[in-house]
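Summary of structural features
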Amino acid sequence: MIIKYMNRYIEPDEKDQLQIPKVIILCLSFIWNQIACCEDNAAKFVKMGGVYLILDVVKAGCLPVQLVALGALIDLCESTQCIPYLITWRKHGQGIQSLLLQVFRDENELLDVRTDENGIISNSLHPLVGMTQFYETYCMCQKHVGNAAIGDMFISCRPKIYSLLQILNHKQKETVEIANEFYKVYGEELSLKDQVTYVLADNYLALKLGEEWKEIEQDFKKMNMRPILLDAKILKDMSEVTDKWGKDVQQMQKDVVKKHHMKQHQKEQILYKTMRESRLSDAWESLCEMKYIARCSERLFRITSNFNIQAQINRSLQVDQSHGQMHRTFPSNISISCMQNQHITIRHEAHEEMSRTTKPIMVSPTLSETSVPDEDTNYLQGEYPVEGHLKCSSHVSEETRANRS
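The shown structure was predicted, so the numbers you read here are calculated from the model rather than taken from an experiment.

Some details on the side chain of Thr242
Along the polypeptide, Thr242 turns up in helix 14 (residues 229–278). Residue classification places Thr242 among the buried residues on the basis of a relative accessible area of 10%. Within the structure, the side chain of Thr242 is placed 2.8 Å from the backbone oxygen of Met238, a separation counted as a polar contact. Other than its neighbours up to four places away in sequence, Thr242 contacts Gly210, Glu211 and Lys214.

Digging into the packing of helix 4 (residues 50–60) against helix 7 (residues 96–110)
How two helices pack is summed up by the angle between their axes together with the distance between the axes. Remark: helix 4 packs on helix 7, axes separated minimally by 10 Å, with the N-to-C direction vectors making an angle of 35°. Crossing hand, helix 4 versus helix 7: left-handed. Contact residues: helix 4 offers Leu55, Val58 and Lys59, while helix 7 offers Ile96, Leu99, Gln102 and Val103. Classifying every residue of the contact of helix 4 with helix 7 by side-chain character gives five nonpolar, one polar and one charged.

Some thoughts on the environment of Ser122
For Ser122, the location among the structural elements is in the loop between helix 7 and helix 8 (131–138). In this structure, the C-alpha to C-alpha distance between Ser122 and Gln250, residues 128 residues apart in sequence, is 8.1 Å. If we ignore the near neighbours within four places in the chain, the residues touching Ser122 are Arg114, Thr115, Asp116 and Gln250.

Some words on the packing of aromatic side chains
Applying the stated criterion across every chain yields a total of five aromatic pairs. A network of ring pairs unites the aromatic residues Phe104, Tyr162 and Tyr204 as a single cluster.

Some details on helix 5 (residues 63–76)
When the terminal C-alpha atoms of helix 5 are compared, their 20 Å separation across 14 residues agrees well with the 20 Å that a helix rising 1.5 Å per residue should span. Taken across its 14 residues, helix 5 has 11 buried, putting it largely inside the fold. Where helix 5 is concerned, the buried positions are Val65, Gln66, Leu67, Val68, Ala69, Leu70, Gly71, Ala72, Leu73, Ile74 and Leu76.

Points about the pattern of salt bridges
Throughout the structure, instances matching the rule amount to eight salt bridges. In this structure, Lys214 engages Asp243 in a salt bridge whose closest nitrogen and oxygen atoms are separated by 2.4 Å. In this pair, Lys214 is assigned in helix 13 (residues 204–222) and Asp243 in helix 14, connecting sequence segments 29 residues apart. Residues Lys214 and Asp243 agree in their burial class; the two are buried. Each of Asp152, Arg158, Lys208 and Glu211 takes part in one network of salt bridges that share partners.

Some points on the nonpolar core
Grouped together as the largest cluster of nonpolar side chains are 65 residues, with contacts concentrated most on Met6, Leu28, Ile31 and Ile54. Of the residues forming this core, the biggest block, nine residues, is contributed by helix 5. Excluding residues within four positions of it along the chain, Leu28 makes contact with Met6, Val57, Val65, Val68, Ala69 and Ala72.

Overview of a nonpolar patch on the surface
A surface patch of nonpolar side chains, about 440 Å² in accessible area, is lined by Trp213, Ile216, Ile228, Leu230 and Ile234. Elements with a minimum of two residues in the nonpolar patch: helix 13 and helix 14. Mapping Ile216 onto the fold places it in helix 13. Take Ile216: its relative accessible area is 34%, and that puts it in the partly exposed class.

Quick notes on the confidence of the model for the protein chain
Where the model shows low pLDDT, its predicted coordinates should not be examined in detail. With 76% of its residues at a pLDDT of 70 or more, the protein chain shows a mean pLDDT of 79. In the predicted structure, residues 377–397 sits below a pLDDT of 50 and forms 14 contacts with residues beyond four places in sequence or in another chain.

Considering helix 2 (residues 21–35)
The terminal C-alpha atoms of helix 2 lie 20 Å apart, and with 15 residues this matches the ideal 21 Å at 1.5 Å per residue to within 8%. Where helix 2 is concerned, the buried positions are Ile24, Cys27, Leu28, Ile31 and Ile35. Down the axis, helix 2 shows its buried residues gathered within 90° of arc, on one side only. Among the exposed residues of helix 2, those oriented more than 90 degrees off its buried face are Lys22 and Leu26.

Topic: unusual backbone geometry
The phi dihedral of Asp112 falls on the positive side, at around 65°, and the residue is not glycine. Along the polypeptide, Asp112 turns up in the loop between helix 7 and helix 8. Asp112 sits in the partly exposed class, given a relative accessible area of 42%. A positive phi is found at Asn224, a non-glycine position, where the angle reads about 55°. As for its position among the elements, Asn224 is in the loop between helix 13 and helix 14. When its relative accessible area of 72% is taken as the criterion, Asn224 is described as exposed.

Calculation rules
- Residues numbered from 1 in each chain as written.
- Predicted model: local features only at pLDDT ≥ 70, side-chain atom pairs only at ≥ 80, totals over all residues.
- Heavy atoms only, no water.
- Helix = DSSP H or I, 4+ residues; strand = E, 2+ residues; numbered from the N terminus.
- Buried < 20%, exposed > 50% of the residue type's maximum accessible area, 1.4 Å probe, protein only.
- Polar contact = N/O pair within 3.5 Å; in protein donor to acceptor, adjacent residues only side chain to side chain.
- Contact = heavy atoms within 4.5 Å.
- Axes fitted to C-alpha atoms, helices over the stretch in contact; angles between N-to-C directions.
- Left-handed = near helix turned anticlockwise from the far one by under 90°.
- Nonpolar A, V, L, I, M, F, W, Y, C, P; charged D, E, K, R; others polar.
- Phe/Tyr/Trp six-rings, centres within 6.5 Å; stacked < 30°, edge-to-face > 60°.
- Expected span 1.5 Å × (residues − 1).
- Salt bridge = Lys/Arg side-chain N within 4 Å of Asp/Glu carboxyl O.
- Core = buried A, V, L, I, M, F, W, Y, C linked by side-chain atoms within 4.5 Å.
- Patch = residues over 30% accessible without salt bridge, like charges linked within 9 Å, V, L, I, M, F, W, Y side chains within 5 Å.
- Areas by Shrake-Rupley, 256 points an atom, 1.4 Å probe, with all protein chains shown as cover.
- pLDDT = per-residue confidence, 0-100.
- Arc of directions from axis to C-beta.

Here is the structure:
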C-alpha cells in the first residue's frame, strides 16, 4: 500500500484532489520507523523499488517532505544492498549527487545564506549561517533561548545530505566502486554549481562545529560572564581556526571555478587547433574543383544541370491567376552556363559587305506644286560609294534648278 501511494503521489491522477504533504510525511515516517529498522522489511522494500520512489519524492516534494524522506533514506543506506539502487537513480538526466547538491543549494537560498551566482560563499566568517540563526546568535538584545546552531540542524536537510555524501564517498566507497564497475553510471561530471556546492557540503560538519565555538563565546557576552583565561584562550583559538577554515573553503570554491574556466578554455583551444589542422578551406576548394570538373566532363552531369535550369525557368514562368497580374522574375540561384575564352574570326569579304550601307533618297518622290511630276527617281536608290553619292546629288541639284528656272 505504501508503494502504491508513493507512485500515486509522484504521478497523480487528474481526478485527484490537491495533495496534502501531511499524508506523504506520514508514509515516509512509517518507512523510517517501521521498515528501515527491520532488516527483512527493509530488504523487501528496497527490492520493490522503494529507494527510487523515495528519491522521486525528494525531487518532487517540499522541504518538510524532503526532511523526512532523507532521514529514512540514510537508515536504509546502512545496508549495502541499498547502494546499487542509490547510484543508478536517474530523473530527467539528474543523478543522486546532483539531486542532493540541488537540495542543499535550495535550502541555503531559503535560509538566506549569502552566495554569488556560482554558489561561492560571500561571507567566509559565517559560511552556513542564515539570517535567523545570525540574529539569534549575535544580537545582544536577544535573550539566550537555546543553541541556535544545533536547532538549525534539527530542521535542516543539510546534515542529512552531508551524511549521504559521506556514505557514498567514504563509508560505502568500496560497495559503490563494485556496483559502478557493472553499471557505469556513478561519478558523472558535475556542473559548475554542483562542484562549488560540493566543497561547502563536504565541509559542513567542520563549519558547524566552528559555529558552536563562536556561539559559546557570544553566550558569555550576553550573560555578562567572563571565562577563565584558559577557556578564553581556547575560545579565541577555535574562533580563529573556524575563520581560517571558512576562508579556506571559500578559496577552494574559487579554485574550482578557476579550474572550470581553464578547462573550458583548453577545450576551446583544442577545437580551434583541430579546425586549423583539418584544413577545411582547402578541402572545400578541392570539392568545388571536383564538382566543376564533373559538371563539365561527364555527360550525365551536364544533362542534369540543363534539366535543372529548364525546370527553374518553367517554375518561374508559372503565374497564379488568383493573385492577379504578377511581375515575372527568375530565381537568384539559377545556374547560367557562361562561355569564356571564345575566339571569333570575321572574314574579310563579310567585313566589306557590312561596310556598305543603304543610303536614303535625297529627293522626296512625292508630288508637290513645285516639283516635276514625271521625274524618275528610281536611279537614286540603291547601294553606291560615297563619291558617287556626292556626284549624283550635285547632278540632281543642277537639273532641278534648271527646270525650275
